[in-house]
Amino acid sequence: QVQLVESGGGLVQAGGSLRLSCAASGRPASNYHMGWFRQAPGKEREFVAAITSGSGRTLNADSVKGRFTISRDNALNTMYLQMNSLKPEDTADYYCAAAFGSTAYLSRQFAYTYWGQGTHVTVSS
């Protein structure tokens with residue numbers, strides 16, 4: 001079992017920054033890949049970014065490239081999402097998730113076994 005708890009969401013003006021955190025417990029974070037997804041009101045959940053367990057290779061959605069940076073600190077069992085140049089369309093609930101095994105489908109929800117409860121981000125225009 002892996003428990004994931006997100007934090008760091010809030011209200012920010014367009015152009016501002018936020019850093020989300022995902023604290024993991026239950027199994028060492030170094031054992032699994034991790035990702036961020038988001039869901040805006042009335043829309044389906046979508047992939048944001050992922051980071052692998054070994055090499056720390058990252059994968060980003062086109063919509064956040066150059067603005068969001070995913071990272072992890074395995075010693076702290078924590079993953080981060082640094083979000084810069086935020087836009088109103090980034091408003092959503094943000095979820096972290098943990099995946100095991102192959103890295104081939106880390107942009108897909110089905111690859112993830114454990115999910116956090118989410119943290120809300122609102123970007124005002």
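Above this text sits the structure in question.
Criteria and thresholds
Residues numbered from 1 in each chain as written. Predicted model: local features only at pLDDT ≥ 70, side-chain atom pairs only at ≥ 80, totals over all residues. Heavy atoms only, no water. Phe/Tyr/Trp six-rings, centres within 6.5 Å; stacked < 30°, edge-to-face > 60°. Helix = DSSP H or I, 4+ residues; strand = E, 2+ residues; numbered from the N terminus. Buried < 20%, exposed > 50% of the residue type's maximum accessible area, 1.4 Å probe, protein only. Lys NZ or Arg CZ within 6 Å of the ring centre and 35° of its normal.

## Structural notes on the packing of aromatic side chains
Here is step 1 of the chain: Overall, the coordinates contain seven aromatic pairs when judged by the stated rule.
Here is step 2 of the chain: Judged by centre distance (5.6 Å) and plane angle (70°), the rings of Phe 37 and Phe 47 are edge-to-face. Remark: Phe 47 occurs in strand 5 (residues 46–51) and Phe 37 occurs in strand 4 (residues 33–39); sequence separation between them is 10 residues.
Here is step 3 of the chain: Among the residues examined, Phe 37 registers a relative accessible area of 1% and is labelled buried.
Here is step 4 of the chain: Of the aromatic side chains, those joined through ring pairs into one cluster are Phe 37, Phe 47, Tyr 112 and Trp 115.
Here is step 5 of the chain: Above the plane of the ring of Tyr 95 lies Arg 45, whose end atom (NZ or CZ) is 3.9 Å from the centre.

What is shown is where atoms sit, not what they do.
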